[in-house]
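# Architecture at a glance
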Amino acid sequence: MLVSHHSTITTSQEELDALVCSAAPRQGQWREEDYLWLSGHASALIEFTDGYIEVLPMPTDRHQSILLFLYRLFFAAIERQGGKVLVAPLRLRIRPGKYREPDLLLVRSARDTRRQEQFWTGADLVLEVVSHEKPERDLVEKRSDYAEGGIPEYWIVNPLNETITVLHLSGDVYSEHGTFARGAQATSALLEGFAISVDAVFDAE
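The rules behind these values
Residues numbered from 1 in each chain as written. Predicted model: local features only at pLDDT ≥ 70, side-chain atom pairs only at ≥ 80, totals over all residues. Heavy atoms only, no water. Helix = DSSP H or I, 4+ residues; strand = E, 2+ residues; numbered from the N terminus. Buried < 20%, exposed > 50% of the residue type's maximum accessible area, 1.4 Å probe, protein only. Contact = heavy atoms within 4.5 Å. Areas by Shrake-Rupley, 256 points an atom, 1.4 Å probe, with all protein chains shown as cover. Pairing = 2+ DSSP bridges. Axes fitted to C-alpha atoms, helices over the stretch in contact; angles between N-to-C directions. Core = buried A, V, L, I, M, F, W, Y, C linked by side-chain atoms within 4.5 Å. Phe/Tyr/Trp six-rings, centres within 6.5 Å; stacked < 30°, edge-to-face > 60°. Salt bridge = Lys/Arg side-chain N within 4 Å of Asp/Glu carboxyl O.

## A few points about the overall build of the protein
Along the protein, the regular secondary structure elements total five helices and 15 strands. Across the 205 residues that make up the protein, the buried fraction comes to 41%. In the protein, 50% of the contacts between residues at least 6 apart in sequence involve partners at least 24 apart. Carbon together with sulfur atoms contributes 52% to the accessible area of the protein, which is approximately 11100 Å² in total.

What follows is the structure, given as C-alpha coordinates:
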(Lines give C-alpha, C1' and ligand atoms only; values in the text may rest on other atoms or scores of the structure.)
Protein backbone atom coordinates (compact mmCIF):
# COMPACT_ATOMS: atom_id res chain seq x y z
CA MET A 1 0.00 0.00 0.00
CA LEU A 2 1.51 3.33 -1.14
CA VAL A 3 0.45 6.32 0.95
CA SER A 4 0.60 10.02 -0.02
CA HIS A 5 -0.56 13.13 1.84
CA HIS A 6 -3.63 13.38 -0.38
CA SER A 7 -4.83 9.82 -0.94
CA THR A 8 -4.24 6.15 -0.32
CA ILE A 9 -3.42 3.98 -3.33
CA THR A 10 -3.60 0.21 -3.18
CA THR A 11 -1.08 -1.53 -5.44
CA SER A 12 -1.25 -5.24 -6.20
CA GLN A 13 1.82 -7.48 -6.01
CA GLU A 14 1.63 -7.92 -9.78
CA GLU A 15 1.74 -4.16 -10.28
CA LEU A 16 4.67 -3.85 -7.90
CA ASP A 17 6.53 -6.61 -9.75
CA ALA A 18 5.88 -4.83 -13.05
CA LEU A 19 7.13 -1.57 -11.55
CA VAL A 20 10.35 -3.22 -10.37
CA CYS A 21 10.88 -4.86 -13.77
CA SER A 22 10.33 -1.58 -15.63
CA ALA A 23 12.91 0.16 -13.42
CA ALA A 24 15.43 -2.70 -13.47
CA PRO A 25 18.69 -2.37 -15.41
CA ARG A 26 19.00 -4.16 -18.73
CA GLN A 27 20.96 -7.40 -18.92
CA GLY A 28 24.64 -6.55 -19.02
CA GLN A 29 24.10 -3.31 -17.12
CA TRP A 30 23.41 -4.60 -13.61
CA ARG A 31 25.76 -3.23 -10.95
CA GLU A 32 26.89 -5.37 -8.06
CA GLU A 33 24.93 -3.25 -5.58
CA ASP A 34 21.78 -3.62 -7.74
CA TYR A 35 22.17 -7.39 -7.69
CA LEU A 36 22.75 -7.50 -3.94
CA TRP A 37 19.61 -5.44 -3.34
CA LEU A 38 17.48 -7.54 -5.70
CA SER A 39 18.70 -10.93 -4.43
CA GLY A 40 18.19 -9.72 -0.87
CA HIS A 41 14.51 -8.98 -1.52
CA ALA A 42 13.49 -11.61 -4.09
CA SER A 43 11.82 -14.92 -3.28
CA ALA A 44 13.83 -16.68 -6.01
CA LEU A 45 17.53 -17.55 -6.07
CA ILE A 46 19.45 -15.20 -8.37
CA GLU A 47 23.03 -15.44 -9.58
CA PHE A 48 25.17 -12.67 -11.05
CA THR A 49 28.03 -12.47 -13.55
CA ASP A 50 29.54 -9.21 -14.77
CA GLY A 51 26.33 -7.25 -15.25
CA TYR A 52 24.05 -10.20 -16.03
CA ILE A 53 21.59 -11.90 -13.67
CA GLU A 54 20.14 -15.41 -13.88
CA VAL A 55 17.06 -16.50 -11.95
CA LEU A 56 17.37 -20.13 -10.86
CA PRO A 57 14.46 -22.58 -11.09
CA MET A 58 12.37 -23.39 -8.05
CA PRO A 59 13.70 -26.59 -6.39
CA THR A 60 11.59 -29.74 -6.60
CA ASP A 61 10.49 -31.95 -3.72
CA ARG A 62 13.14 -34.54 -4.57
CA HIS A 63 15.86 -31.91 -4.85
CA GLN A 64 15.05 -30.57 -1.40
CA SER A 65 14.72 -34.01 0.18
CA ILE A 66 18.18 -34.97 -1.08
CA LEU A 67 19.68 -31.62 -0.07
CA LEU A 68 18.32 -31.65 3.48
CA PHE A 69 19.39 -35.27 3.98
CA LEU A 70 22.93 -34.28 2.95
CA TYR A 71 22.82 -31.19 5.15
CA ARG A 72 22.08 -33.31 8.20
CA LEU A 73 25.05 -35.58 7.45
CA PHE A 74 27.48 -32.72 6.84
CA PHE A 75 26.14 -30.89 9.89
CA ALA A 76 26.76 -33.90 12.14
CA ALA A 77 30.32 -34.23 10.86
CA ILE A 78 31.34 -30.58 10.63
CA GLU A 79 29.73 -28.64 13.43
CA ARG A 80 30.99 -30.87 16.22
CA GLN A 81 34.50 -30.08 14.94
CA GLY A 82 33.88 -26.34 15.07
CA GLY A 83 32.89 -25.83 11.44
CA LYS A 84 29.80 -24.33 9.84
CA VAL A 85 27.53 -25.70 7.13
CA LEU A 86 24.60 -23.86 5.55
CA VAL A 87 22.21 -24.30 2.64
CA ALA A 88 20.76 -21.91 0.07
CA PRO A 89 19.76 -19.19 0.01
CA LEU A 90 23.20 -17.75 0.79
CA ARG A 91 25.31 -15.89 -1.74
CA LEU A 92 28.90 -16.93 -2.41
CA ARG A 93 31.15 -14.36 -4.08
CA ILE A 94 33.44 -16.06 -6.57
CA ARG A 95 35.17 -12.74 -7.22
CA PRO A 96 34.05 -9.11 -7.48
CA GLY A 97 31.26 -9.08 -10.07
CA LYS A 98 30.44 -12.80 -9.83
CA TYR A 99 28.14 -14.50 -7.30
CA ARG A 100 26.70 -17.99 -7.05
CA GLU A 101 24.08 -19.64 -4.81
CA PRO A 102 25.37 -23.14 -3.93
CA ASP A 103 22.84 -25.62 -2.58
CA LEU A 104 25.21 -26.29 0.34
CA LEU A 105 28.45 -24.69 1.46
CA LEU A 106 30.71 -25.15 4.45
CA VAL A 107 33.84 -23.93 6.18
CA ARG A 108 35.84 -26.09 8.57
CA SER A 109 36.07 -23.26 11.11
CA ALA A 110 33.00 -21.28 12.16
CA ARG A 111 35.39 -18.38 12.83
CA ASP A 112 36.49 -18.28 9.20
CA THR A 113 36.62 -14.62 8.16
CA ARG A 114 35.13 -15.49 4.75
CA ARG A 115 31.80 -15.87 6.55
CA GLN A 116 30.27 -12.44 6.07
CA GLU A 117 26.75 -11.29 6.77
CA GLN A 118 25.53 -10.52 3.25
CA PHE A 119 27.55 -13.18 1.46
CA TRP A 120 30.52 -15.51 1.91
CA THR A 121 33.75 -14.69 0.10
CA GLY A 122 34.87 -18.32 -0.02
CA ALA A 123 34.21 -21.82 1.31
CA ASP A 124 36.06 -25.07 1.86
CA LEU A 125 33.42 -27.20 0.15
CA VAL A 126 30.35 -26.53 -1.97
CA LEU A 127 27.67 -28.94 -3.16
CA GLU A 128 25.07 -28.77 -5.91
CA VAL A 129 22.13 -31.08 -6.53
CA VAL A 130 21.86 -31.18 -10.32
CA SER A 131 18.74 -29.53 -11.73
CA HIS A 132 16.84 -31.38 -14.44
CA GLU A 133 16.00 -28.00 -15.99
CA LYS A 134 19.63 -27.25 -16.98
CA PRO A 135 22.07 -29.98 -15.93
CA GLU A 136 25.06 -28.30 -17.60
CA ARG A 137 24.81 -25.43 -15.12
CA ASP A 138 25.97 -27.69 -12.28
CA LEU A 139 27.97 -30.20 -14.31
CA VAL A 140 30.01 -27.79 -16.44
CA GLU A 141 29.49 -24.11 -15.70
CA LYS A 142 29.74 -24.25 -11.92
CA ARG A 143 32.69 -26.60 -12.09
CA SER A 144 34.54 -23.74 -13.77
CA ASP A 145 33.04 -21.11 -11.45
CA TYR A 146 34.00 -22.83 -8.20
CA ALA A 147 37.50 -23.57 -9.49
CA GLU A 148 37.82 -19.88 -10.30
CA GLY A 149 36.73 -19.11 -6.75
CA GLY A 150 39.40 -21.40 -5.32
CA ILE A 151 36.93 -23.76 -3.60
CA PRO A 152 38.96 -26.84 -2.55
CA GLU A 153 36.16 -29.39 -3.02
CA TYR A 154 33.00 -29.52 -5.14
CA TRP A 155 30.34 -32.23 -4.78
CA ILE A 156 27.99 -32.79 -7.74
CA VAL A 157 24.97 -34.82 -6.63
CA ASN A 158 23.15 -35.95 -9.76
CA PRO A 159 19.64 -37.41 -9.36
CA LEU A 160 19.42 -37.86 -13.14
CA ASN A 161 21.90 -40.77 -13.16
CA GLU A 162 22.07 -41.27 -9.37
CA THR A 163 25.78 -40.58 -9.01
CA ILE A 164 27.84 -38.35 -6.72
CA THR A 165 31.00 -36.85 -8.23
CA VAL A 166 33.55 -35.39 -5.83
CA LEU A 167 36.04 -32.94 -7.35
CA HIS A 168 39.23 -31.78 -5.64
CA LEU A 169 41.02 -28.59 -6.64
CA SER A 170 44.49 -29.16 -8.09
CA GLY A 171 46.08 -25.82 -8.88
CA ASP A 172 43.36 -23.85 -10.65
CA VAL A 173 41.34 -26.80 -12.05
CA TYR A 174 39.42 -29.69 -10.54
CA SER A 175 40.54 -33.29 -10.67
CA GLU A 176 38.15 -36.14 -9.95
CA HIS A 177 38.45 -37.69 -6.51
CA GLY A 178 35.75 -40.16 -7.49
CA THR A 179 32.36 -40.75 -9.08
CA PHE A 180 30.21 -42.91 -6.82
CA ALA A 181 27.11 -44.85 -7.86
CA ARG A 182 24.54 -46.89 -5.94
CA GLY A 183 26.10 -49.51 -3.73
CA ALA A 184 29.13 -47.31 -3.02
CA GLN A 185 30.14 -44.86 -0.33
CA ALA A 186 30.92 -41.33 -1.53
CA THR A 187 34.03 -40.04 0.22
CA SER A 188 35.71 -36.67 0.62
CA ALA A 189 39.30 -35.80 -0.20
CA LEU A 190 39.07 -32.85 2.18
CA LEU A 191 37.20 -34.28 5.18
CA GLU A 192 39.11 -37.27 6.52
CA GLY A 193 36.91 -40.26 7.28
CA PHE A 194 33.74 -38.67 5.91
CA ALA A 195 31.63 -41.05 3.80
CA ILE A 196 28.01 -41.13 2.65
CA SER A 197 25.93 -44.02 1.33
CA VAL A 198 24.88 -43.19 -2.24
CA ASP A 199 21.81 -45.40 -1.83
CA ALA A 200 20.74 -43.44 1.25
CA VAL A 201 21.12 -40.12 -0.58
CA PHE A 202 18.94 -41.04 -3.53
CA ASP A 203 16.42 -42.89 -1.38
CA ALA A 204 15.92 -39.83 0.85
CA GLU A 205 12.27 -38.96 1.37
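## Some remarks on the sheet that holds strand β9 (residues 119-120)
Adjacent strands of a sheet pair through backbone hydrogen bonds, lying either parallel or antiparallel. Spatially, β4-β3-β7-β6-β9 is the arrangement adopted by the five strands of the open sheet, whose pairing is mixed. For this open sheet the edge positions go to β4 (52-55) and β9, each flanked by a neighbour on one side alone. The sheet contact formed by strand β3 (residues 46-49) and strand β7 (residues 98-100) spans two bridges and is antiparallel. Bridging from a neighbouring strand, Phe48 pairs with Tyr99 of β7. Here helix α2 (residues 32-41) sits on the sheet and contacts β3, β4, β6 (91-95), β7 and β9; the angle it forms with β3, its principal contact strand, is near 175°.

## As for the nonpolar core
Membership of the largest hydrophobic core comes to 27 residues, with the highest contact counts inside it found for Phe74, Leu127, Trp155, Val157, Ile164 and Val201. If you list the elements that add at least two residues to this core, you get α3 (61-78), β8 (104-107), β10 (125-129), β11 (153-158), β12 (163-170) and α5 (198-202). If you tally residues by element for this core, the top one is α3, at seven residues. Contact partners of Val157, with chain neighbours within four places excluded, come to Ile66, Leu70, Leu127, Glu128, Val129, Val130, Thr163, Ile164, Val201 and Phe202. One finds Ile94, Trp120, Val130 and Ala147 within the second-largest nonpolar core, a separate group that totals 17 residues.

## Let's talk about the packing of aromatic side chains
How two aromatic rings sit relative to each other is set out by the distance from centre to centre and by the angle between their planes. Inspection of every chain in the model, using the stated rule, returns 10 aromatic pairs. Centroid distance Tyr35 to Phe48: 5.0 Å. Interplanar angle 15°. Geometry classified as stacked. One end of the pair, Tyr35, is in helix α2; the other, Phe48, is in strand β3, and 13 residues separate them in sequence. Of the two residues, Tyr35 and Phe48, both sit in the buried class. Aromatic pair Phe48 and Tyr99: ring centres 6.4 Å apart, planes at 50°, arrangement tilted. Of this pair, Phe48 sits in strand β3 while Tyr99 is found in strand β7, placing the two residues 51 residues apart along the sequence. Judged by relative accessible area, Phe48 falls into the buried class, the value being 2%. Within the aromatic cluster, the residues linked to one another by ring pairs are Tyr35, Phe48, Tyr99 and Phe119.

## Considerations on the pattern of salt bridges
Scanning all chains against the criterion turns up 21 salt bridges. Ionic pairing is found between Arg95 and Glu148, a salt bridge with its closest N-O pair at 2.7 Å. Taken together, the residues Arg95 in strand β6 and Glu148 in helix α4 (residues 135-148) connect sequence positions 53 residues apart. For Arg95, a relative accessible area of 25% puts it in the partly exposed group. Of the residues examined, Glu148 reaches a relative accessible area of 39% and is grouped as partly exposed. Here Lys134 and Glu141 are joined by a salt bridge, their closest N and O atoms 3.5 Å apart.

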